[in-house]
Amino acid sequence: MAIKNKYVKSVLADLKTRYKDQPEFLQAVEEVLESLEPVIKARPELEKAGILERITEPERTIMFRVSWVDDSGKVQVNRGYRVQFNSAIGPYKGGIRLHPSVNLSILKFLGFEQIFKNSLTTLPIGGGKGGSDFDPKGKSDNEIMRFCQSFMTELTKHVGPDTDVPAGDIGTGSREIGYMFGQYKRLRNEFTGVLTGKAIPSGGSLARTEATGYGLCYFTNEMLKEAGKSFKGKKVVISGSGNVATYACQKATQLGAKVIAVSDSNGYIYDEKGIDYKIMKEIKEVKRDRIKTYVDYSKTAKYTEGCSGIWTIPCDIALPCATQNEIDEKSAKILVKNGVMAVAEGANMPSTPGAIAAFQKAGVLFGPAKAANAGGVATSALEMCQNSARLSWSFDEVDEKLHGIMVNIYKQASEAAKKYGMEGNLVAGANIAGFEKVANAMLWQGVSY
Ligand code: NDP
Ligand code: 2IT
């Protein structure tokens, strides 16, 4: 879709010149700005207040050296980041990604997406993201601890329960959050909810571990319901085998579907009998092993090298839960040809623009990441709530709130799409609904940033 509005066009052109070395960031921005055209046209006060120029520039970006000593005594140096993108509706909130591919472009795309996702949750959280090019794979527990402590030693100066509250993402789970939390507490001498995804005895919330995967299925269920369909009896393919994929597998199965494939960056497992999420948990959370070892637990499971081949498996529902741009146009067209009827994004920006266009053209139900995977950060906000009140809710209480939030996100996205004449387009609907609340807060606060 070509952008026609002069203001939107000029903001995007300017970003493309300034940040030509940040392709992921530009991809995320272009998709959002495209959908905002009708809002910008209908509300001239947004241009007057420079909202688009401001919302596309992080309020603050912190980059720092992270030095640590490996088990052989050698000094290692990584780069750490925190992108504090937007605090119009609450403290910066978003995960920490630990992966060798991490760079400023990836963290800016993630931080930018987080602004609108967090707004859709209806909870008071701004947008941020952080991470490092540190590779946790193959590191000992002690190495992970030393890295996390060093990373947090610097980050402590920039975060806090009312300032910026990081959490997990790729490569950052409960173990890493624990080491970071311990270091923050030691340096500040404060026991506060500075991070979410904490273990339960240290102020974590029940159901946070499950929340992104469960939320993704609750959202998908709403999408299916509106089309007169459900998960019952459907074949589901899920990419990835980490936190999001594991609990998406559990919930999709509970809702009556059969998950037939999961993957990691090396390859995928196909099991016609259905994937058991408990085996995934054992492999990934306990053994910290590769998904190919799934064949040791199931006689019917088959392993194939190469992760993108997973999209050639015929299925009714596809849930990409690994990483950005993992479904390109070619894979999308194969999924369509094989009869996929719904795609919902558990990962952040897993579909390329060409893939999204292919799904939409074919009339496939499409749930965009910032709406479909918002259950994780929403439950993080519920964790913040419990920490501030110094109490803890039961699993069912949190799960029920999560369910309500996902139903509401679907409604917001669907109604915003309808309001601006794009019925059924949840990409546009989620972008518009997420944007309007943040833009209104920015207008109200004046040009302070
Ligand atoms: P994990 O680290 O738990 O799992 C990541 C999974 O994705 C692993 O199976 C990993 O395989 C695979 N993966 C990672 N990078 C690549 C790659 N470049 N190519 C192929 N596969 C890859 O992370 P999460 O499950 O937490 O995160 C998955 C996605 O969900 C990310 O996009 C994240 O931003 C998003 N997300 C996470 C939320 C959360 O609460 N955790 C909330 C909302 C979104 P391997 O082990 O081989 O690297
Ligand atoms: O992308 C995401 O929403 C996350 N990684 C979760 C962030 C959070 O603060 O829980």
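Let me sum up the structure you'll find in this document. Predicted, not measured: the structure shown is a model, and the values here were computed from it.

**Here's the deal with the site of ligand 2**
As a matter of local geometry, ligand 2 sits amid 14 residues, with K93, K117, D169, R208 and S380 nearest to it. Listing elements by their share of the shell around ligand 2, those giving two or more residues are β3 (92-98), α5 (104-120) and α14 (375-389).

**Quick look at the site of ligand 1**
The environment of ligand 1 is formed by 27 residues, the closest being D169, T212, S265, R290 and N348. Contact distances for ligand 1 include 3.0 Å between an oxygen atom and a backbone N or O atom of V244. In isolation ligand 1 has 890 Å² of accessible area, and contact with the protein removes 85% of it.

**With respect to the sheet that holds strand β10 (residues 317-320)**
With mixed pairing, seven strands are arranged side by side in an open sheet as β9-β8-β7-β6-β10-β11-β12. Pairing within the sheet leaves two strands with one partner each, and these edge strands are β9 (301-305) and β12 (365-367). The mean inter-strand angle of the sheet, taken between neighbouring strand axes irrespective of direction, is 15°. Relative to β9, strand β8 (residues 267-271) is paired through five bridges, and the arrangement is antiparallel. Of the residues in β9, the one forming a bridge with G267 is E305.

**Notes on the packing of helix α1 (residues 6-18) against helix α2 (residues 23-42)**
Taken N-terminus to C-terminus, the directions of α1 and α2 make an angle of 170°; their axes are 9 Å apart at the nearest point. As far as their axial angle goes, α2 and α1 are roughly antiparallel. In contact with Y7, V8, V11, L12, L15 and K16 of α1, α2 contributes F25, L26, V29, E30, L33, E37 and I40. Among the residues forming the contact of α1 with α2, the class breakdown is 10 nonpolar, no polar and three charged.

**Quick notes on a nonpolar patch on the surface**
The grouping of V69, V75 and V77 at the surface amounts to a nonpolar patch, some 250 Å² of accessible area in total. Looking at the secondary structure, you find V77 in strand β2 (residues 75-86). Residue classification places V77 among the exposed residues on the basis of a relative accessible area of 53%.

**Re the packing of aromatic side chains**
Using the criterion set out here, one finds 14 aromatic pairs in the structure. Ring geometry for W68 against F134: centres 5.3 Å apart, planes inclined by 80°, an arrangement best described as edge-to-face. Of the two residues, W68 is situated in strand β1 (residues 60-69) and F134 in the loop between β4 (126-132) and α6 (141-155); the sequence distance between them amounts to 66 residues. No difference in accessibility class separates W68 from F134, as the two residues are buried. Each ring, one from Y247 and one from Y277, has its centre 6.4 Å from the other, and the planes form 55°; the classification is tilted. Residue Y247 is found in helix α9 (residues 243-254), and its partner Y277 is found in helix α10 (residues 277-286); the two are separated by 30 residues along the sequence. A connected cluster of aromatic rings, assembled from ring pairs, spans Y19, F25, F85, F112 and F116. Its guanidinium or amino end placed over the ring of F25, K108 lies 4.1 Å from that ring's centre, counting from NZ or CZ.

**Notes on the side chain of E326**
One can find E326 in the loop between β10 and α11 (329-337). One buried charged residue, E326, forms no salt bridge at all, with the nearest opposite charge on R97 at 9.1 Å. Sequence-distant contacts of E326, defined by excluding residues within four places in its chain, comprise S239, W311, P320, C321, A347 and P350.

**Here we look at the pattern of salt bridges**
Inspection of the entire model under this criterion finds 21 salt bridges. Ionic pairing is found between E57 and R18, a salt bridge with its closest N-O pair at 3.5 Å. Here E57 is found in the loop between α4 (51-55) and β1, whereas its partner R18 is found in helix α1, with 39 residues between them in sequence. A relative accessible area of 29% places E57 in the partly exposed class. Classification of R18 as partly exposed rests on a relative accessible area of 45%. Of the charged contacts in the structure, one is a salt bridge between E329 and K333, with a shortest N-O distance of 2.9 Å. In this pair, E329 and K333 both sit in helix α11, four residues apart, roughly one turn of the helix. K333 sits in the partly exposed class, given a relative accessible area of 49%. A single network of salt bridges, built from pairs that share partners, joins R43, E45, K419 and E436.

**Re the sheet that holds strand β5 (residues 164-167)**
Strand order in the open sheet made by the five strands is β1-β2-β4-β3-β5, with mixed pairing throughout. Looking at the sheet topology across the chains shown, the edges are occupied by β1 and β5. When the angles between neighbouring strand axes are averaged without regard to direction, this sheet yields 20°. Along the sheet face, α5 touches β1, β2, β3 and β4 and points at about 150° away from the line of β4.

**Observations regarding α10**
Of all the positions in α10, only I279, M280 and I283 are classed as buried. Looking straight down α10, one finds its buried side chains confined to an arc of 100°; they lie on one side. In α10, the exposed residues that point more than 90 degrees away from the buried face are K278 and V286. Buried residues along α10 sit in contact with α9 and β7 (258-263). The opening residue of α10 is D276, an N-cap whose side-chain oxygen sits 2.9 Å from the backbone nitrogen of K278.

**A word on the environment of L26**
Along the chain, L26 turns up in helix α2. Each C-alpha atom, one on L26 and one on K330, is 21 Å from the other, the two residues being 304 residues apart in sequence. If we skip the residues at most four places from it in the chain, L26 touches L15, K16, Y19 and K20.

**Looking at the nonpolar core**
L52, F112, F219, I238, L319 and F435 are the most contacted members of the largest nonpolar core, which has 102 residues in total. Per-element accounting of this core gives the leading share, 10 residues, to helix α16 (residues 426-445). When neighbours within four sequence positions are excluded, L52 is seen to be in contact with Y7, V8, V11, L33, L36, I40 and F435. Ranked by size, the runner-up nonpolar core spans 21 residues in total, among them I310, A318, V340 and A358.

The rules behind these values
- Residues numbered from 1 in each chain as written.
- Chains lettered and ligands numbered in written order.
- Predicted model: local features only at pLDDT ≥ 70, side-chain atom pairs only at ≥ 80, totals over all residues.
- Heavy atoms only, no water.
- Near = heavy atom within 4 Å.
- Helix = DSSP H or I, 4+ residues; strand = E, 2+ residues; numbered from the N terminus.
- Polar contact = N/O pair within 3.5 Å; in protein donor to acceptor, adjacent residues only side chain to side chain.
- Areas by Shrake-Rupley, 256 points an atom, 1.4 Å probe, with all protein chains shown as cover.
- Pairing = 2+ DSSP bridges.
- Axes fitted to C-alpha atoms, helices over the stretch in contact; angles between N-to-C directions.
- Parallel < 35°, antiparallel > 145°, perpendicular 65-115°, else oblique.
- Contact = heavy atoms within 4.5 Å.
- Nonpolar A, V, L, I, M, F, W, Y, C, P; charged D, E, K, R; others polar.
- Patch = residues over 30% accessible without salt bridge, like charges linked within 9 Å, V, L, I, M, F, W, Y side chains within 5 Å.
- Salt bridge = Lys/Arg side-chain N within 4 Å of Asp/Glu carboxyl O.
- Buried < 20%, exposed > 50% of the residue type's maximum accessible area, 1.4 Å probe, protein only.
- Phe/Tyr/Trp six-rings, centres within 6.5 Å; stacked < 30°, edge-to-face > 60°.
- Lys NZ or Arg CZ within 6 Å of the ring centre and 35° of its normal.
- Lys, Arg positive; Asp, Glu negative; His and termini not counted.
- Arc of directions from axis to C-beta.
- Core = buried A, V, L, I, M, F, W, Y, C linked by side-chain atoms within 4.5 Å.

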